[in-house]
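One letter stands for each residue in the lines below.
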Amino acid sequence: MGRIGHGMRLTTACVNEARLRCHGRGTVAGTAPGEGTSPRGLRGRHGGPYAAGRTTFPVPSVQQGLFFRLFYPCVPRDGAERPLWIPRYEYCSGLADVSGHSRRWCAPLLSIAVGSCRVPLSWKAPFKTCSSGYPLIIFSHGLGAFRTVYSSICMQMASWGFVVAALEHRDSSAAMTYFCTAEAVREQWIPHQQVPQGQKEFYFRNNQVHHRANECARALQLFRAVNSGKSIPNILPQGFDLSVLKDSIDLAKAAVMGHSFGGVTAVLALVKESGFRCAVALDAWMFPLENVLYSEVPKPVLFINAEKFQTPESVAKMKRLSSRNRQTKIITILGSVHQSQTDFAFLTGKLIPRVFNARGTLDPHKCLDIITQAALAFLQRHLDVREEFARWDHLLEGIGDSVIPEAPFRLSNL
């Protein structure tokens, strides 16, 4: 079985509706060629106080550019479009490749099963400005995933007042991605790449994690350019204009977040970009990071682990960071598996979750609440955001239902 995140079996998902505010009611919004909505919906529920939506943004029109989905406060509107969870059929083909199954039968099956699922967000709704500025999160996906796989977490964070840019990495670690050539708006697809035969995995993944961390740093630099008034081109037809974000993002309150391969990417991004004040690493796969860099991580990290993924070696690397910085925290969510921190845990029905081992014993909504609340408490400490998040400080010490400090050692599927 292939990997999504890392060591993560192929699954499908639903996402939860979230809500957001900044001095009044708001929503959060996001399209790429061929992306849209369908009649089939996803079950969901509210997280923070206001609704959420998103937009897609590729910039510039070359492989070295950035591709991300933006979750942001927007003006609510009735009858707003809702985007597809899997934006293109090609991503079903990529998931088939990652899973180790044949595209011929697996991609159509995935398309039938979840291709019409849509996310309960306002698509490309007007941005709601905020004079005090929203804090910013750059989100890095796991191995074999892509920009929409973490919509539930991104919406939850947006629902509490964050702008979230969920990257789609172009280092061949995504299930599938694409860019448009500079000469014309013509798509060129980048498939998922396994470790080449005869090459050691560490060196291959280490090169990828540096590429990914550099993309996180460039994303923050892009938002600096937006705030300075620089025009950033969006090559998509009727694409979202990032200039509307000017003066509504507080770049002094920027964090980086990610899952699995994206978790260690977030840790490395702290080394690459001083503008990130902290990182939240969800079930981080620490293997690709070279030992010499642990002493160079300058900011605190919150590690939120699943019960049945981590190895003693991986946790020992996290503890190297916590021993150097008392503000770095490690907690584990009992009853959760690696997939619990993705949208895959919210797939409706019983057959596919059972076949692909998509859920732990803990209710996925409760797991998402713990992740969100712990992350918000941590960000409140280090970004100086809303004080009400301090009510969840106990989670950072591993105190609470289904939470423990540090990590129990279990057999891992790494």
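In what follows, the structure referred to is the one given above.
Just so we're clear, the structure is a prediction, and the values are computed from it rather than from any experiment. (Residues numbered from 1 in each chain as written. Predicted model: local features only at pLDDT ≥ 70, side-chain atom pairs only at ≥ 80, totals over all residues. Heavy atoms only, no water.)

Q: How do you make sense of unusual backbone geometry when you look at a structure like this?
A: Across residues other than glycine, the phi torsion is negative in most instances, and most of the peptide bonds are trans. The backbone of Ser172 sits at a positive phi, close to 75°, despite the residue not being glycine. Along the chain, Ser172 falls in the loop between strand E7 (163-167) and strand E8 (176-180). For Ser172, a relative accessible area of 16% gives the class buried. At Ser402, a position not held by glycine, the phi torsion is positive, near 70°. (Helix = DSSP H or I, 4+ residues; strand = E, 2+ residues; numbered from the N terminus. Buried < 20%, exposed > 50% of the residue type's maximum accessible area, 1.4 Å probe, protein only.)

Q: Mind showing me how you'd approach the nonpolar core here?
A: Burial of nonpolar side chains together is a common tendency in soluble globular proteins. Core analysis: the biggest nonpolar cluster contains 67 residues, and Phe139, Met157, Phe162, Val280, Ile304 and Leu379 have the highest contact counts within it. Broken down by element, this core gets its largest block of residues, 11 residues, from helix H8 (residues 364-383). Within the second largest apolar cluster, 54 residues are counted, among which are Leu220, Ile249, Ala254 and Val301. (Core = buried A, V, L, I, M, F, W, Y, C linked by side-chain atoms within 4.5 Å.)

Q: Just to check I follow, could you spell out the side chain of Thr342 for this structure?
A: Relative to the helices and strands, Thr342 resides in the loop between strand E13 (329-333) and helix H7 (351-355). The buried category is assigned to Thr342, whose relative accessible area is 0%. Within the structure, the side chain of Thr342 is placed 2.8 Å from the backbone oxygen of Gln339, a separation counted as a polar contact. (Polar contact = N/O pair within 3.5 Å; in protein donor to acceptor, adjacent residues only side chain to side chain.)

Q: Would you take a moment to explain helix H1 (residues 89-99) for this structure?
A: Along an α-helix, residues three or four apart share an orientation, since each turn contains 3.6 residues. In terms of burial, H1 is a largely internal element, 8 of the 11 residues being buried. Within the sequence span of H1, burial applies to Tyr91, Cys92, Ser93, Gly94, Leu95, Ala96, Val98 and Ser99. Tucked into the core, H1 has its buried residues touching strand E4 (66-71), helix H2 (103-114), E8 and strand E9 (187-191). Where H1 terminates, the next one or two residues include Gly100, which has phi positive at roughly 85°. (Contact = heavy atoms within 4.5 Å.)

Q: Is there a simple way to explain the packing of aromatic side chains in this structure?
A: The way to describe two aromatic rings as a pair is by their centre distance and the angle between their planes. Taken as a whole and judged by the stated rule, the model has 16 aromatic pairs. With a centroid separation of 5.7 Å and 50° between ring planes, the pair formed by Tyr72 and Phe127 is classed as tilted. Taken together, the positions of Tyr72 in the loop between E4 and H1 and Phe127 in the loop between strand E5 (122-123) and strand E6 (134-140) put the pair 55 residues apart, joining distant regions of the chain. Across the pair, exposure class does not vary: Tyr72 and Phe127 are buried alike. (Phe/Tyr/Trp six-rings, centres within 6.5 Å; stacked < 30°, edge-to-face > 60°.)

Q: Can you walk me through the pattern of salt bridges in this structure?
A: Oppositely charged side chains are able to pair whenever their charged atoms sit close together. For the coordinates displayed, the defined rule picks out 16 salt bridges. Taking the shortest distance from any N to any O, the salt bridge between Lys246 and Asp247 comes out at 3.2 Å. Judged by relative accessible area, which is 34%, Lys246 ranks as partly exposed. Judged by relative accessible area, which is 48%, Asp247 ranks as partly exposed. Notably, a salt bridge pairs Lys329 with Glu397, separated by 3.3 Å at the nearest N-O pair. With Lys329 in strand E13 and Glu397 in the loop between helix H9 (393-396) and strand E14 (403-405), the pair connects residues that are 68 residues apart, well separated along the chain. The buried category is assigned to Lys329, whose relative accessible area is 15%. Residues joined in a network through salt bridges with shared partners are Lys329, Arg381, Asp393 and Glu397. (Salt bridge = Lys/Arg side-chain N within 4 Å of Asp/Glu carboxyl O.)

Q: Please explain the pairing of E8 as it appears in this structure.
A: Walk down a regular strand and you will see the side chains alternate between the two sheet faces. With 5 of its 5 residues buried, E8 lies for the most part within the structure. On E8, burial covers both faces: Met176, Tyr178 and Cys180 on one face and Thr177 and Phe179 on the other are all buried. Here E8 runs beside E9; their pairing, made up of 5 bridges, is antiparallel. When the sheet's bridge partners are listed, Phe179 is paired in E9 with Gln188. (Pairing = 2+ DSSP bridges.)

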